[in-house]
2 protein chains.
Amino acid sequence: VIVSTRQDGPDAQASPALTVDQVRAAAGRLRGVAHRTPVLTSRTLDRMCGGTVLLKAEPLQRSGSFKFRGACNRLSQLSAAEREHGVVAYSSGNHGGAVALAAALLGVGADIVVPANGPAAKLAAIEGYGARLHRYDPARQQREEVAAGLAAQRSLTVIRPFDDYQIMAGQGTVGLELAEQAGELGPGPDRGLDLVLVPVGGGGLAAGVSTAVTALQPGVQVIGVEPAGADDTAQSFRAGRRVALERVETSADGLRASQPGELTFAINARLLADVVTVTEEQIAAAMLFCFARLKLVVEPSGAVPLAAVLSGVVPVAGRRAGVVLSGGNVDPETFAAMVG
Amino acid sequence: VIVSTRQDGPDAQASPALTVDQVRAAAGRLRGVAHRTPVLTSRTLDRMCGGTVLLKAEPLQRSGSFKFRGACNRLSQLSAAEREHGVVAYSSGNHGGAVALAAALLGVGADIVVPANGPAAKLAAIEGYGARLHRYDPARQQREEVAAGLAAQRSLTVIRPFDDYQIMAGQGTVGLELAEQAGELGPGPDRGLDLVLVPVGGGGLAAGVSTAVTALQPGVQVIGVEPAGADDTAQSFRAGRRVALERVETSADGLRASQPGELTFAINARLLADVVTVTEEQIAAAMLFCFARLKLVVEPSGAVPLAAVLSGVVPVAGRRAGVVLSGGNVDPETFAAMVG
């Protein structure tokens, strides 16, 4: 029996939700399967912001984003019966590709529910991993319902994109690695990170990373960053309850959730130091910086935290900041139009 | 005294030219200064070509290309007097940026001779590293002469782009790392690499890499790849002597040398298994592949060896191939025009 030494109130004790041990267990499952992505640095960036910035390069993760970590952790824990029946996920983006690849590697069948008008390149990538596509009409149908229907009909396991502790634990391995790599990159493991910036969509990455890094480095500030046009978590954070937006509008297609997850928000409301927003222009400038200086392709959603640093929305002068570049799945035409 | 166990003829014995020990010494000098760049893999690429491809990601090197390795190795061996007077290099591209950055890190003054009509972004990057720019008119002046004039006037040391053993030794560390990383990535260090593909401009990278990997893994084939529009080394390799081209035409601005180096060709003629060429369309397709699947920005020159794999010019079916992606310095407008 492990006696908790946490300083949280009785409520947190009663619902431990997600623990760093779950994130550590996920890291064990991902070893040799997911990449330990490199941390990049830029002397130019450090000079521009007056601090030290460590950029966690998840575009170099398998399937092109951090989402592979959560999908892989979740799918590797399916029972034999669940494996045999297969899984279903709803997403035209990174979660769909991640589930498709993780399923292929584990020899599990995958059905991915995608909008009929989804981007052809992303749908082709999902099919390329060997998953079956199920197109739905977003004007008439709810994707959750389409997935639930398929699941009921064929005994499939629904793999939710963020509101699932095993998904969050997988995403949290980004934070585990970042904290470790911050020590390896000097100036000594005792120094660590002063703050960590993560993008927030449904909140799974933020919940996993904040759980991991605040446990490893008490005192670190984890800051969530959203596009101004999809600031549901920023509004919810200030209101102290989950706010649902009527509409979202941003190029960051991975962050278009209109409401925080129930499980993720309970964690993020407690562990995040703040949630801030950036504009579309700031996102495009961050993508261009990644292209020109880091030689890394970063999608709009993935550039959001760096946008907060470059724009000064989050000042990092004199501090050591970890920034999660969460993914790189953007097609060249969209990219050219944004940064050209 | 180390007794050579090489099987080469008396001529090679008489002029050892460049040895793997010089490359190892360079690696020691670069430790903690240059990045040990990651090796990327792609399941999609392996499936497409039927082999295993390990991609050495030099766009992630400091200054955005492998050129930093040679510059750093060369500059770190300057005498105290040479350091005090400073260095001069001629290049509007990767060598210029690499010398400028290496000089800045070592506290040495650097003058870089650049064409007056050179790309503004690259010239700005060189200045950003703290070097002085000297513009010349390529229609009227020879850049080597401009540099020699400055060197004579101010006792500067000329840092040649490739025909210099210390430059070659630095570039060779790419091969040293690739061979090591090939072992780390499995299926076991004894397996190693069957072939290694490198881009060839003046031939410094090819000479360094071939020296390193053929010493570490006897039997490995090192293949040089050139754009069809700048095939001076391919022609020279077949002729058995250095051929000079009347004109070169390629988007691969780092590979526009019209004649192989004297010192580099002596090594490459002996150690390369072959020199092949690729078309401009094949280069653009390889850049697009890097963007879409690897999330890596690769400049035209850097994509040339991968173009040979993707096009089938060099078959890798059933083999384990190391491919050097040598740099990522391409501006977004040029990139968009090439792959859009």
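Our structure's up above, just so we're on the same page.
What you see is a predicted model, and the numbers here were worked out from it, not measured in a lab.

Peer 1: So what about the overall build of chain A? Which residues, and what values?
Peer 2: On a plain count of helices and strands, chain A comes out with 15 helices and 10 strands. Here chain A has a C-alpha radius of gyration of 19 Å; the compact-globule value for 340 residues is 20 Å, and the two agree. Taking the principal axes of its C-alpha atoms as reference, chain A extends roughly 60 × 55 × 40 Å. The buried share of chain A, reckoned over its 340 residues, is 56%. As displayed, chain A offers around 13400 Å² of accessible surface, 50% of which is attributable to carbon and sulfur atoms.

Peer 1: Quick rundown of the relation of the copies chain A and chain B? Include the residues and the values.
Peer 2: Its rotation angle being 180°, the transformation that places chain A on chain B also includes 0.0 Å of axial translation and leaves an RMSD of 0.0 Å. As the rotation angle and translation indicate, the two copies are arranged about a two-fold axis. For chain A, the residue whose C-alpha comes nearest the rotation axis is Leu 296 of chain A, separated from it by 2.5 Å. Mapped onto chain B, 100% of the interface residues of chain A are again interface residues, and the two copies thus contact each other with one and the same surface.

Peer 1: Give me the lowdown on the interface of chain A and chain B, citing residues and values where you can.
Peer 2: One frequently used descriptor of interface size is the decrease in accessible area upon assembly of the parts. Taken together, the contact between chain A and chain B spans 30 residues of the former and 30 residues of the latter. In this assembly, chain A packs against chain B so that about 2100 Å² is buried in total across both faces, 65% of it on carbon and sulfur atoms. Its largest share of buried area at the contact with chain B, chain A owes to Arg 43, Phe 291 and Lys 295 of chain A, together 32% of the area lost on that side. At the surface where chain A touches chain B, the tally comes to 0 salt bridges. Applying the counting criterion to the chain A and chain B interface returns 6 residue pairs in polar contact (both at pLDDT 80 or more). Looking at the side of chain A that touches chain B, the elements with two or more residues in it are helix 3 (43-49), helix 6 (94-106), helix 13 (280-294) and helix 15 (332-339) of chain A.

Peer 1: Which residues make up the packing of helix 9 (residues 165-184) of chain A against helix 10 (residues 204-216) of chain A, and what are the values?
Peer 2: Two packed helices can be described by the angle between their axes and the distance between those axes. All names here are of chain A. Between helix 9 and helix 10, whose axes approach to 7 Å, the crossing angle comes to 45°. Considered as vectors, helix 9 and helix 10 are oriented oblique to each other. Here helix 9 and helix 10 pass one another in a crossing that is right-handed. In contact with Met 168, Gln 171, Gly 172, Val 174, Gly 175, Leu 176 and Ala 179 of helix 9, helix 10 contributes Gly 204, Leu 205, Ala 207, Gly 208, Val 209, Ala 212, Val 213 and Leu 216. Each residue belonging to the contact of helix 9 with helix 10 can be placed in one class, and the counts come to 10 nonpolar, 5 polar and no charged.

Peer 1: Requested: an account of the sheet that holds strand 9 (residues 274-278) of chain A, with residues and values cited.
Peer 2: All names here are of chain A. Ordered in space as 1-2-10-7-8-9, the 6 strands form an open sheet in which the pairing is mixed. Pairing within the sheet leaves two strands with one partner each, and these edge strands are strand 1 (39-40) and strand 9. Bridge count for strand 7 (residues 195-199) against strand 8 (residues 221-227) is 5 bridges, and the pairing is parallel. Paired with Leu 197 across the strands is Ile 223, a residue of strand 8. Its contacts with the sheet place helix 10 against strand 7, strand 8 and strand 10 (320-325), and it is angled at close to 165° to strand 7. In the packing of helix 13 onto the sheet, contacts are made with strand 1, strand 2 (52-57), strand 8, strand 9 and strand 10, and the angle to strand 9 comes to roughly 85°.

Peer 1: Residues and numbers for helix 12 (residues 262-271) of chain B, please.
Peer 2: Residue and element names in this part refer to chain B. Looking at helix 12, one finds that the buried residues are Thr 264, Phe 265, Ile 267, Asn 268 and Leu 271. Mapping the buried residues of helix 12 onto a view down its axis gives an arc of 165°, with all of them on the same face. Pointing more than 90 degrees away from the buried face of helix 12 are the exposed residues Glu 262 and Ala 266. On its buried side, helix 12 packs onto helix 9 (165-184), helix 10 (204-216) and helix 11 (232-239).

Peer 1: Tell me about the sheet that holds strand 4 (residues 110-115) of chain B, and please be specific about residues and values.
Peer 2: Residues and elements named next belong to chain B. Strand order across the open sheet formed by 4 strands is 5-4-3-6, with parallel pairing between neighbours. At either margin of the open sheet sits one strand with a lone partner, and together these are strand 5 (132-136) and strand 6 (157-158). For strand 3 (residues 87-90) and strand 6, the ladder comprises 2 bridges, and the chain directions are parallel. Across the sheet, Val 87 pairs through a bridge with Thr 157, a residue of strand 6. Its contacts with the sheet put helix 6 (residues 94-106) on strand 3 and strand 4, and the angle it makes with strand 4 is roughly 165°. Each of strand 3, strand 4, strand 5 and strand 6 touches helix 8 (residues 143-154); the most contacted strand, strand 3, lies at about 170° to it.

Peer 1: Go over the nonpolar core, please, and point to the residues and values.
Peer 2: By size, the foremost hydrophobic cluster in this structure holds 78 residues, and its most contacted members are Leu 306 of chain A together with Leu 197 and Leu 306 of chain B. When residues no more than four places from it in sequence are discounted, the contact partners of Leu 306 of chain A are Leu 45, Leu 55, Ala 286, Phe 289, Cys 290, Val 323 and Leu 325 of chain A.

Peer 1: Tell me what's going on with the packing of aromatic side chains, and back it up with residues and numbers.
Peer 2: Under the criterion given, the structure shown has 4 aromatic pairs over all chains. Their ring planes at 75° and their centres at 5.3 Å tell us that Phe 291 of chain A and Phe 335 of chain B sit as a pair that is edge-to-face. Of the two residues, Phe 291 of chain A is situated in helix 13 and Phe 335 of chain B in helix 15 (residues 332-339); the pairing between them involves two chains. Accessibility classification places Phe 291 of chain A together with Phe 335 of chain B in one group, the buried group. Three or more aromatic residues link up through ring pairs in this structure, and these residues are Phe 291 and Phe 335 of chain A together with Phe 291 and Phe 335 of chain B.

Peer 1: Please provide a residue-by-residue account of the pairing of strand 8 (residues 221-227) of chain B, values included.
Peer 2: Residue and element names in this part refer to chain B. The buried fraction of strand 8 amounts to 6 of the 7 residues, a majority that puts the element mostly inside the structure. Strand direction decides the pairing type here: strand 8 and strand 9 (residues 274-278), joined by 5 bridges, are parallel. The partner of Gly 224 across the bridge, within strand 9, is Val 275.

Peer 1: Tell me about the side chain of Thr 211 of chain B, and name the residues and values.
Peer 2: Residue and element names in this part refer to chain B. Along the polypeptide, Thr 211 turns up in helix 10. A polar contact of 2.7 Å, which involves the side chain of Thr 211, links it to the backbone oxygen of Ala 207. Look past the residues within four positions of Thr 211 in its chain and what remains in contact with it is Leu 18, Thr 19, Val 20, Ile 267 and Leu 271.

Peer 1: Which residues make up the packing of helix 13 of chain A against helix 15 of chain A, and what values go with them?
Peer 2: Residues and elements named next belong to chain A. Across the interface, helix 13 lies against helix 15 with an axial gap of 9 Å and an inter-helix angle of 110°. What the angle tells us is that helix 13 and helix 15 run roughly perpendicular. In contact with Ala 284, Met 287, Leu 288 and Phe 291 of helix 13, helix 15 contributes Phe 335, Met 338 and Val 339.

Peer 1: Could you give an account of the environment of Arg 31 of chain B, naming the residues involved and the relevant values?
Peer 2: By secondary structure assignment, the location of Arg 31 of chain B is in the loop between helix 2 (20-30) and strand 1 (39-40). With 304 residues separating them in the primary sequence, Arg 31 of chain B and Phe 335 of chain B have C-alpha atoms 32 Å apart.

Peer 1: Explain the pattern of salt bridges to me, and be specific about the residues and the numbers.
Peer 2: All names here are of chain B. As enumerated under the stated definition, the model contains 26 salt bridges over all chains in all. Asp 253 is paired through a salt bridge with Lys 122; the nearest N and O atoms lie 3.2 Å apart. Taken together, the positions of Asp 253 in the loop between helix 11 and helix 12 and Lys 122 in helix 7 (residues 120-128) put the pair 131 residues apart, joining distant regions of the chain. Its relative accessible area of 34% is what places Asp 253 among the partly exposed residues. Under the relative-accessibility criterion, Lys 122 is labelled buried at 16%.

Cut-offs applied
- Residues numbered from 1 in each chain as written.
- Chains lettered and ligands numbered in written order.
- Predicted model: local features only at pLDDT ≥ 70, side-chain atom pairs only at ≥ 80, totals over all residues.
- Heavy atoms only, no water.
- Helix = DSSP H or I, 4+ residues; strand = E, 2+ residues; numbered from the N terminus.
- Rg over C-alpha atoms; globule rule 2.2 N^0.38 Å.
- Buried < 20%, exposed > 50% of the residue type's maximum accessible area, 1.4 Å probe, protein only.
- Areas by Shrake-Rupley, 256 points an atom, 1.4 Å probe, with all protein chains shown as cover.
- Least-squares fit on C-alpha atoms with pLDDT ≥ 70 in both.
- Contact = heavy atoms within 4.5 Å.
- Buried area = accessible area lost by both parts, 1.4 Å probe.
- Salt bridge = Lys/Arg side-chain N within 4 Å of Asp/Glu carboxyl O.
- Polar contact = N/O pair within 3.5 Å; in protein donor to acceptor, adjacent residues only side chain to side chain.
- Axes fitted to C-alpha atoms, helices over the stretch in contact; angles between N-to-C directions.
- Parallel < 35°, antiparallel > 145°, perpendicular 65-115°, else oblique.
- Left-handed = near helix turned anticlockwise from the far one by under 90°.
- Nonpolar A, V, L, I, M, F, W, Y, C, P; charged D, E, K, R; others polar.
- Pairing = 2+ DSSP bridges.
- Arc of directions from axis to C-beta.
- Core = buried A, V, L, I, M, F, W, Y, C linked by side-chain atoms within 4.5 Å.
- Phe/Tyr/Trp six-rings, centres within 6.5 Å; stacked < 30°, edge-to-face > 60°.

Any link to function would need more than the numbers given here.
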